[in-house]
Amino acid sequence: MYSSSMITPDEIEKFADLARINISDSEKKRFAEDIESILGYVGVVSENVSKEKIEAPEHRNVMREDGEPHKTGEYTEKIVEQFPKKDGDYLSVKKIIEQD
Amino acid sequence: MDIDNLTIESASKGLKNKDFSAVELTEAYVKNIEEKNKDINAYLEVFDDALDIACQSDKRIQSGESGKLLGVPISIKDNILIDGHISSAGSRILESHRATYDATVVSKLKERGVVFLGRTNMDEFAMGSSTENSAYGVTLNPHDKERVSGGSSGGSSASVSMNGALASLGSDTGGSIRQPASFCGVVGLKPTYGAVSRSGLIALGSSLDQIGPITKTVKDAEILFEAIKGNDKKDSTTLENYSSKSGGKVVGVPRNILSDGVDKDVLEHFDKTLESLKKFGYEIRDIELPYKPDTALAVYYIIMPAEASTNLARFDGIRYGKKVEGGSLFEDYAKSRETGFGEETKRRIVLGTYVLSAGYYDAYYGKATSLRHSITKDLKGIFESGIDLIATPTTPSPSFKIGEKSDPISMYLEDIFTVSANLTGMPAISIPNGEVDRDGKSLPVGFQMISPHMHEKSLFDTGKDIEASI
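Residues numbered from 1 in each chain as written. Chains lettered and ligands numbered in written order. Predicted model: local features only at pLDDT ≥ 70, side-chain atom pairs only at ≥ 80, totals over all residues. Heavy atoms only, no water.

Caption draft 1: Highlighting the overall build of chain A. Scanning chain A from terminus to terminus reveals 3 helices and 2 strands. For chain A, the residues scored as buried account for 27% of the 100 residues in total. Taking contacts inside chain A between residues at least 6 apart in sequence as the whole, the part at least 24 apart equals 39%. Here chain A has roughly 7,900 Å² of accessible surface; of this, 50% comes from carbon and sulfur atoms. (Helix = DSSP H or I, 4+ residues; strand = E, 2+ residues; numbered from the N terminus. Buried < 20%, exposed > 50% of the residue type's maximum accessible area, 1.4 Å probe, protein only. Contact = heavy atoms within 4.5 Å. Areas by Shrake-Rupley, 256 points an atom, 1.4 Å probe, with all protein chains shown as cover.)

Structure (structure tokens):
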């Protein structure tokens with residue numbers, strides 16, 4: 001069986017950071033144990049040598065006619081309504097680039 | 001009106017013959033929901049516009065219009081959008097999210113005059129097999145309130161089972177329609193990948209998800225499936241040339257995977273049904289699956305979290321859903337997601353991020369993708385060798401007790417017989433197959449059949465024979 005090396009709470013924190021989620025210290029510890037045991041189970045995939053090359057599935061292009069998919073403004077009001085934080089019709093967000 | 005014995009088929013006759021109106025029918029269901037839902041928790045919300053819509057359907061009936069679904073009240077899983085209604089996918093992060101458009105399946109059913117009674121409970125973002133991962137509490141099994149209704153479409157299945165709706169729509173990523181249908185004693189269909197549009201379905205695993213019907217009879221599942229299927233320019237994965245095909249009468253049984261881990265009485269029910277199918281002219285043939293079901297499950301539990309981790313990146317507290325303020329943009333994301341997501345969702349997002357990360361991609365996601373191709377070839381090979389349907393029990397055991405499966409892997413094992421259909425894109429159905437006794441309660445079990453791509457008709461035809469034989 002594929003033996004995944006021990007997963008540490010620190011590693012879990014790194015992956016949670018990549019996924020943009022804060023997790024508590026107790027979750028870090030629990031997830032490290034859970035994910036290690038899940039990876040132990042799904043690691044069975046490395047025992048199975050698939051004869052199949054990873055061929056591209058039957059990709060096909062799905063084109064649409066040029067033009068407006070719907071009337072301009074048809075959904076605007078409803079979408080603005082859903083903004084958690086807004087300034088009039090503006091979606092209000094924090095600065096993306098910060099200066100240290 | 002006897003709603004305990006009503007089906008879509010018989011209700012639509014009753015409506016046509018003016019035995020009752022759509023408003024009366026809807027009122028009867030709403031009354032029943034009021035009585036039963038407090039014990040079952042199948043519905044998260046009963047829509048206050050249901051009677052208005054029933055009234056419109058009555059006007060259409062009075063003006064001479066007819067249709068199998070005109071005035072028929074159904075429930076809908078909380079991850080399928082209805083314009084103007086809350087759609088939360090069983091999650092806190094979307095608890096006040098109002099849909100801004102109709103899912104394609106919803107607009108198709110609205111055109112046909114269906115009455116949506118309300119939205120049903122589910123595991124958060126469809127991640128689970130018991131609804132215990134819902135942010136809004138577990139849905140109890142109408143057959144035994146100490147047990148789960150299954151999941152993730154547990155609310156949908158329980159709503160039909162408790163006669164709180166004539167039918168329901170669910171979604172199935174690894175068994176989420178078939179397993180709860182089996183636990184609740186109703187019919188559940190996972191259609192061919194691409195047969196039904198997912199526009200307006202909150203995505204879990206996009207290469208696996210399908211919307212499908214949960215009903216009391218196979219005929220009802222067919223009626224609902226025929227109404228929702230079809231190519232949709234809003235979902236580029238829908239098939240352009242879908243047509244439902246029927247098949248022959250050779251049923252393959254993978255004995256090598258049933259010898260171990262399936263409850264004895266579940267297997268007895270399964271064998272009895274196979275035996276009675278012979279009287280309908282079916283040939284039952286033992287087959288050997290070239291892959292172990294454990295392998296399929298492992299492949300699934302790599303691909304699904306990988307896709308979930310990317311799909312759920314959109315929930316960030318910025319454009320819709322719950323927002324928790326932090327000191328920076330990053331903290332806004334991280335805190336909103338921390339507060340909004342439940343534990344299993346976080347676990348799968350972290351797991352998905354892990355298997356997709358540069359250092360582990362080849363060992364997990366790469367391998368799993370390759371094995372998925374070989375599993376698909378294996379199943380196609382079986383169907384090309386003269387087998388028309390592959391039959392197994394839907395699950396190895398009937399419904400389990402609330403809290404019984406506390407570690408993730410024992411819960412994941414619920415999907416052992418169902419994931420293959422999702423990995424290969426093939427259609428599969430679960431049909432009620434009698435009941436087994438557990439602690440003095442009778443619990444339903446399901447009979448699952450998988451057919452080749454686009455052979456839904458084959459599942460319906462054989463499904464009706466099974467119903468006739470039980």
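Continuing now.
Caption draft 2: Region of interest: the overall build of chain B. Helix and strand counts for chain B come out as 16 helices and 13 strands. Relative to the compact-globule value of 23 Å for 470 residues, chain B shows a C-alpha radius of gyration of 21 Å, a close match. For chain B, the C-alpha atoms occupy an extent of roughly 70 × 65 × 50 Å along the three principal directions. For chain B, the proportion of its 470 residues judged to be buried stands at 65%. Partitioning the intrachain contacts of chain B with sequence separation of at least 6 by distance along the chain shows that 75% fall at a separation of at least 24. Accessible surface, chain B: about 15,500 Å² in total, of which carbon and sulfur atoms supply 47%. Charged side chains in chain B number 54 positive and 66 negative. The centres of these two groups are separated by 3 Å. (Rg over C-alpha atoms; globule rule 2.2 N^0.38 Å. Lys, Arg positive; Asp, Glu negative; His and termini not counted. Charge placed at Lys NZ, Arg CZ, Asp CG, Glu CD.)

Caption draft 3: Summary view of the nonpolar core. Residues and elements named next belong to chain B. With 154 residues, the main nonpolar core has L109, F125 and L169 as its most contacted residues. Per-element accounting of this core gives the leading share, 11 residues, to helix α10 (residues 293-311). Sequence-distant contacts of F125, defined by excluding residues within four places in its chain, comprise A89, S91, I93, L94, I202, L204, L312, F315, F341 and T345. (Core = buried A, V, L, I, M, F, W, Y, C linked by side-chain atoms within 4.5 Å.)

Caption draft 4: Quick look at the pairing of strand β11 (residues 389-393) of chain B. All names here are of chain B. Within β11, 5 of the 5 residues are buried, which leaves the element mostly enclosed by the surrounding structure. Relative to β11, strand β9 (residues 250-254) runs parallel, the two sharing 2 bridges. Within β11, the residue paired with V251 across the bridge is L389. Pairing of β11 with strand β13 (residues 441-450) involves 4 bridges; the strand directions are antiparallel. Of the residues in β13, the one forming a bridge with P393 is F447. (Pairing = 2+ DSSP bridges.)

Caption draft 5: Here's a closer look at the sheet that holds β13(B). Residues and elements named next belong to chain B. The mixed open sheet is built from 11 strands, whose spatial order is β1-β3-β2-β6-β8-β7-β12-β13-β11-β9-β10. Single-partner strands in this sheet number two, and they are β1 (43-46) and β10 (283-287). The sheet shows a mean angle of 30° between the axes of neighbouring strands, taken without regard to direction. On top of the sheet, helix α13 (residues 362-384) reaches β10, β11 and β13; it is set at about 115° to β11, its chief contact. (Axes fitted to C-alpha atoms, helices over the stretch in contact; angles between N-to-C directions.)

Caption draft 6: Looking closely at α10(B). In a regular helix each residue adds 1.5 Å, so 19 residues correspond to 27 Å; α10(B) covers 26 Å between its end C-alpha atoms and thus fits that length. Within α10(B), 17 of the 19 residues are buried, which leaves the element mostly enclosed by the surrounding structure. (Expected span 1.5 Å × (residues − 1).)

Caption draft 7: Summary view of the interface of chain A and chain B. Each partner contributes residues to the interface: chain A has 48 residues there, and chain B has 62 residues. Contact between chain A and chain B buries roughly 4,900 Å² in total, counting both sides, with carbon and sulfur atoms accounting for 66%. In this structure, the connection of chain A to chain B is made through 7 salt bridges. The partner of D83(B) in a salt bridge is K78(A), and the shortest N-O contact between them spans 2.7 Å. Where chain A packs against chain B, one counts 14 residue pairs in polar contact (both at pLDDT 80 or more). Those elements giving two or more residues to the side of chain A that touches chain B turn out to be α1 (9-18), α2 (25-42) and α3 (76-81) of chain A. With 10 residues, α2(A) is the single largest residue contributor to the side of chain A that touches chain B. Residues of the side of chain A that touches chain B, tallied by class, amount to 26 nonpolar, 8 polar and 14 charged. (Buried area = accessible area lost by both parts, 1.4 Å probe. Salt bridge = Lys/Arg side-chain N within 4 Å of Asp/Glu carboxyl O. Polar contact = N/O pair within 3.5 Å; in protein donor to acceptor, adjacent residues only side chain to side chain. Nonpolar A, V, L, I, M, F, W, Y, C, P; charged D, E, K, R; others polar.)

Caption draft 8: A look at the packing of aromatic side chains. All names here are of chain B. This structure, assessed with the given rule, holds 13 aromatic pairs over all chains. Each ring, one from F125 and one from F315, has its centre 4.9 Å from the other, and the planes form 40°; the classification is tilted. Taken together, the residues span a long stretch of sequence, with F125 in the loop between β3 (115-120) and β4 (140-141) and F315 in the loop between α10 and α11 (329-340) at a distance of 190 residues. On the basis of relative accessibility, which here comes to 2%, the residue F125 falls in the buried class. Here the aromatic rings of F183 and F400 are separated by 5.9 Å at their centres, their planes lie at 85°, and the arrangement is edge-to-face. Of the two residues, F183 is situated in helix α6 (residues 178-184) and F400 in the loop between β11 and α14 (408-412); the sequence distance between them amounts to 217 residues. With respect to class, F183 is no different from F400; both count as buried. Sitting over the face of the ring of Y282, K249 holds its NZ or CZ atom 4.9 Å from the ring centroid. (Phe/Tyr/Trp six-rings, centres within 6.5 Å; stacked < 30°, edge-to-face > 60°. Lys NZ or Arg CZ within 6 Å of the ring centre and 35° of its normal.)

Caption draft 9: The arrangement of unusual backbone geometry in detail. Residues and elements named next belong to chain B. Along the chain, G151 connects to S152 via a cis peptide bond; the corresponding omega equals 10°. Along the chain, S152 falls in the loop between β5 (144-148) and α5 (154-161). Even without being glycine, D439 reaches a positive phi, approximately 50°.

Caption draft 10: Fine view of the packing of helix α7 (residues 218-228) of chain B against helix α16 (residues 456-469) of chain B. Residues and elements named next belong to chain B. One can describe the packing of α7 onto α16 by two numbers: an axis separation of 9 Å at closest approach and a directional angle of 160°. Overall, the two elements α7 and α16 adopt an arrangement that is roughly antiparallel. Only E456, K457, F460, G463, K464 and E467 of α16 make contact with α7, whose side of the interface consists of V218, K219, A221, E222 and F225. Broken down by class, the residue content of the contact of α7 with α16 amounts to 4 nonpolar, 1 polar and 6 charged. (Parallel < 35°, antiparallel > 145°, perpendicular 65-115°, else oblique.)

Caption draft 11: Here's a closer look at the pairing of strand β12 (residues 428-438) of chain B. All names here are of chain B. Inspection of the sheet shows strand β7 (residues 187-190) paired to β12 by 3 bridges, in the antiparallel sense. Looking at the pairing, L189 lines up with I429 of β12. Bridge count for β12 against β13 is 9 bridges, and the pairing is antiparallel. By the bridge assignment for β13, R438 is matched with K441. Between the antiparallel neighbours β12 and β13 lie 2 residues, among them D439 with a positive phi of about 50°.

Any link to function would need more than the numbers given here.
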